[in-house]
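Coordinate inspection notes
If you want the building blocks of each chain, they are given just below.
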Amino acid sequence: MTGSGEGWLSDGLDMPGADSGLWVSGVDYITGWREAREAADRLNRALLGAGFELSAVRAAASTNEDGRGVVRLAGWPGAVERLARFLEGHAHGHGGAA
């Protein structure tokens, strides 16, 4: 899901901080990023399955300064509002969060 196609991450949904910061020698960023990528891919597949366009809202893998995986959600305000309503409806209709 993530990384599919050239420039999919730079289609207007800027994610400040996703690629910024200094790398520290000796910190394993790759392991954390791989874990975050798997989670981001799963969330992106779920978003697609729920009818969302990844050009409007999506998850992206990153790491923090300690090398721990981080999944960032970025989206246009309207798409994020729609996602919030979807999640609220699911929580109310199925007895709470998973």
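The notes below deal with the structure included here. (Residues numbered from 1 in each chain as written. Predicted model: local features only at pLDDT ≥ 70, side-chain atom pairs only at ≥ 80, totals over all residues. Heavy atoms only, no water.)

Re the overall build of the protein chain
Note the cut-off: For helices the rule is a DSSP run of H or I covering at least 4 residues; for strands it is a run of E covering at least 2, with both sets numbered from the N terminus onward. To sort residues, take the accessible area from a 1.4 Å probe on protein chains only and compare it with the maximum for the residue type: under 20% means buried, over 50% means exposed, and anything in between is partly exposed. Contact definition: two residues touch when any of their heavy atoms are within 4.5 Å. Calculation of accessible area relied on Shrake-Rupley with a 1.4 Å probe; when residues are assessed, cover is drawn exclusively from the protein chains displayed.
Along the backbone of the protein chain there are two helices and two strands. Traced from its N-terminal end to its C-terminal end, the protein chain shows the element sequence α-β-β-α. Looking at the protein chain as a whole, 27% of its 98 residues are labelled buried. Here the contacts in the protein chain between residues at least 6 apart in sequence split such that 60% fall between residues at least 24 apart. With an accessible surface of roughly 6,700 Å², the protein chain has 54% of that area assigned to carbon and sulfur atoms.

Structural notes on the pairing of strand β1 (residues 57-63)
Convention followed: Being paired, for any two strands, means DSSP has found at least two bridges between them.
Here β1 lies mainly inside the structure; seven of its seven residues are buried. Taken together, the seven bridges between β1 and strand β2 (residues 69-75) define a ladder with antiparallel strand orientation. Residue pairing for β2: Ala61 is matched across the bridge by Val71. What sits between β1 and β2 in their antiparallel hairpin is a turn of five residues, with Gly67 showing a positive phi close to 90°.

Considering the packing of aromatic side chains
We count it as follows: Only rings of Phe, Tyr and Trp enter the pairing, Trp through its six-membered ring, and a pair is recorded when the two centres are within 6.5 Å. The plane angle decides the type: under 30 degrees is stacked, over 60 is edge-to-face, the rest tilted.
The final tally for this structure, using the stated rule, is one aromatic pair. Taking the centre distance of 6.2 Å and the plane angle of 85° together, the rings of Phe52 and Phe86 count as edge-to-face. With a gap of 34 residues between them, Phe52 in the loop between α1 (29-49) and β1 and Phe86 in helix α2 (residues 77-93) connect regions that are remote in the sequence. Exposure remark for Phe52: the relative accessible area of 3% places this residue in the buried category.

Describing the layout of surface pockets
The criterion, for reference: Within this scheme a cavity is a closed region of a 1 Å grid, computed over the protein atoms alone, that accommodates a 1.4 Å probe without allowing it to escape, whereas a pocket is open but has protein on both sides within 12 Å along at least five of seven lines; lining residues each have an atom within 4 Å of a point. Grid points are joined across faces, edges and corners, and a volume is the space filled by probe spheres set on the points. In the scheme used here, Gly and all other residues not listed as nonpolar or charged are polar, with Ala, Val, Leu, Ile, Met, Phe, Trp, Tyr, Cys and Pro taken as nonpolar and Asp, Glu, Lys and Arg as charged.
Approximately 200 Å³ is the volume found for the second largest pocket. Every residue along the wall of the second largest pocket is listed here: Arg42, Leu43, Ala46, Leu47, Ala50, Leu73, Leu83, Phe86, Leu87 and His90. Looking at the lining of the second largest pocket, the elements that each hand over two or more residues are α1 and α2. Split into classes, the residues belonging to the lining of the second largest pocket amount to eight nonpolar, one polar and one charged.

Some thoughts on the pattern of salt bridges
This is how the line gets drawn: Whenever a carboxyl oxygen of Asp or Glu lies within 4 Å of a side-chain nitrogen of Lys or Arg, that contact is scored as a salt bridge.
Applying the stated criterion to the full structure yields one salt bridge. The closest approach of N and O atoms between Asp41 and Arg37, which form a salt bridge, is 3.7 Å. Of the two residues, Asp41 and Arg37 both sit in helix α1, four residues apart, roughly one turn of that helix. Owing to a relative accessible area of 12%, Asp41 belongs among the buried residues under this scheme.

Remember that the coordinates give geometry; whether it matters functionally is a separate question.
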